[in-house]
Amino acid sequence: MTQDIRTDTQPSHHDGGRDWRDAATRYALLPLRIFLGVTFIYAGLDKLTDSAFLKEAGAGSIGDMMRTVRDSSAIPGLVDLALKSPVGFGYVIAFGELAVGIGILLGLLARLAALGGALISLSLWLTVSWASDPYYYGNDLAYLMAWLPLVLAGAPMLSVDAALRARRRQGAEEYR
């Protein structure tokens, strides 16, 4: 009885395409990382470059938006906290979205970046989109759910984290 040891990634005729399935499984989170990374970078830049958003009051301002959603949010106290400094809160959200987007896109501290994205989405769901009826009209809950696989798995492929793990592994093998 011989064992077929394959070192290439091309499927053989007798393995039923298992290598392709294995590769697809390894890369399954990549489209999600790209989507969330690009979306959060865009969201952060959009907030930072919108002349109306980072204002205490006025049409399209973070202050007016937070005052509008205060009474319909799940946690009005969280909105009250943001209303203590709406412009500061707007900057925190914008720079948080940028950091999360860059981190997940590069796969740098990916689990931490995904946790940050999940927390941003959770806070927006509990405040801004809580009153969406039916609930699936609000997109923040869907973003929260999209972040969770990345919180659990990180960025195992095509990432800075994976390159650092491989380098540590290589160093450990050389040390032996």
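The following paragraphs examine the structure supplied in this document.

Each value, and the rule that gives it
- Residues numbered from 1 in each chain as written.
- Predicted model: local features only at pLDDT ≥ 70, side-chain atom pairs only at ≥ 80, totals over all residues.
- Heavy atoms only, no water.
- Core = buried A, V, L, I, M, F, W, Y, C linked by side-chain atoms within 4.5 Å.
- Buried < 20%, exposed > 50% of the residue type's maximum accessible area, 1.4 Å probe, protein only.
- Contact = heavy atoms within 4.5 Å.
- Salt bridge = Lys/Arg side-chain N within 4 Å of Asp/Glu carboxyl O.
- Helix = DSSP H or I, 4+ residues; strand = E, 2+ residues; numbered from the N terminus.

**Some details on the nonpolar core**
Phase 1 of the analysis: Grouped together as the largest cluster of nonpolar side chains are 18 residues, with contacts concentrated most on L36, F40, I104, W147 and L150.
Phase 2 of the analysis: Excluding its chain neighbours within four sequence positions, the residues that come into contact with W147 are L36, F40, V100, I104, A113, A114, G117, A118 and S121.
Phase 3 of the analysis: Judged by nonpolar contacts, the second largest core, of 6 residues, contains F53, I62, M66 and A82.

**Observations concerning the pattern of salt bridges**
Phase 1 of the analysis: Tallied over the entire structure, the rule returns 5 salt bridges.
Phase 2 of the analysis: In this structure, D64 and R67 form a salt bridge, with 2.9 Å as the shortest nitrogen-oxygen distance. You can see D64 and its partner R67 sitting in helix α3 (residues 62-69), 3 residues apart, about one turn around the helix.
Phase 3 of the analysis: Residue D64 is classed as partly exposed on the basis of its relative accessible area of 28%.
Phase 4 of the analysis: In this structure R67 comes out as partly exposed when scored by relative accessible area, which is 39%.
Phase 5 of the analysis: R70 is paired through a salt bridge with D80; the nearest N and O atoms lie 2.7 Å apart. With R70 in the loop between α3 and α4 (76-83) and D80 in helix α4, this residue pair connects regions lying 10 residues apart in the sequence.
Phase 6 of the analysis: Residue classification places R70 among the partly exposed positions, given a relative accessible area of 26%.
Phase 7 of the analysis: You can call D80 partly exposed: its relative accessible area is 30%.
Phase 8 of the analysis: Look at the salt bridges and you will find they share partners, linking R70, D71 and D80 into a network.

Shape descriptors only; they carry no functional weight alone.
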